[in-house]
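Understanding the architecture of this molecule
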Amino acid sequence: IAGVLLGVFILLNAGLGLAYKNKLYPNSTLAGKPVGGKSLDSVKQINYIPESVKLTTESNTSGATQLKLSSLDTKVDWPKTEANIKKSKSWLPLVNIFKKHTLALQISYSQQALNKAVEAAQKDFAVPSVNWTVVKTDKASLSPGKSGASVNAEQLKKLIAQSITTTGKAVEVPLTEVKP
């Protein structure tokens, strides 16, 4: 009986291996999109890159802005993505057809364009601090200064890159308090 079960197990794995040779396993997602049972060619036809990423702040005092990802020359790096897909395949397809597969999408973008976008965000979201000011009413008095905010550029670059390569969700612009 053990020999028959082993033979059936081997035949099922061989058959499923052939059936999914050029397809992704069921329950597979790529960048959050379901791609199970699809061929690699059909997977490449899906648009994975969002049109834009929303940049916002917690207080939203400066409003929000949309960063168009086309301005960053954003593209899917298919050779690296295909390598990730191949790594997810196993010599035991019988086990893998029941597992959930979250596949990594590799995206490339222009670092120079990202730097320019972060510079623009610094202008859009930075709030200058205000030193003491003289308030003239019946009597002259001093009004205390107000703290401002500066954009943490390196952290913002990381957050934008992470948003591009994962979900395209809104990015909370990291602000640092600037005291007067």
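For the structure given in this document, a descriptive report is provided here. (Residues numbered from 1 in each chain as written. Predicted model: local features only at pLDDT ≥ 70, side-chain atom pairs only at ≥ 80, totals over all residues. Heavy atoms only, no water.)

**Quick word on the overall build of the protein**
When its secondary structure is counted, the protein shows six helices and twelve strands. Looking at the protein as a whole, 31% of its 180 residues are labelled buried. Intrachain contacts of the protein at a sequence separation of at least 6 include 62% that bridge at least 24 residues. Looking at the protein as shown, the accessible area adds up to about 11500 Å², and 56% of this sits on carbon and sulfur atoms. (Helix = DSSP H or I, 4+ residues; strand = E, 2+ residues; numbered from the N terminus. Buried < 20%, exposed > 50% of the residue type's maximum accessible area, 1.4 Å probe, protein only. Contact = heavy atoms within 4.5 Å. Areas by Shrake-Rupley, 256 points an atom, 1.4 Å probe, with all protein chains shown as cover.)

**Comments concerning the pattern of salt bridges**
Once their charged atoms are close, side chains differing in charge can pair, the charge on each being opposite to the other. Inspection of every chain in the model, using the stated rule, returns five salt bridges. Put simply, Glu51 and Lys68 hold a salt bridge, and the shortest N to O gap is 3.9 Å. Of the two residues, Glu51 sits in the loop between helix 2 (40–44) and strand 3 (52–56) while Lys68 sits in strand 4 (residues 65–68), which places them 17 residues apart along the sequence. Look at Glu51 and you get exposed, because its relative accessible area is 63%. Since its relative accessible area comes to 46%, Lys68 is described here as partly exposed. A salt bridge links Lys157 to Glu154; the shortest N-O distance between them is 3.3 Å. Of this pair, Lys157 and Glu154 both sit in helix 6 (residues 153–165), three residues apart, which is roughly one turn of that helix. (Salt bridge = Lys/Arg side-chain N within 4 Å of Asp/Glu carboxyl O.)

This is a description of form; function is not addressed.
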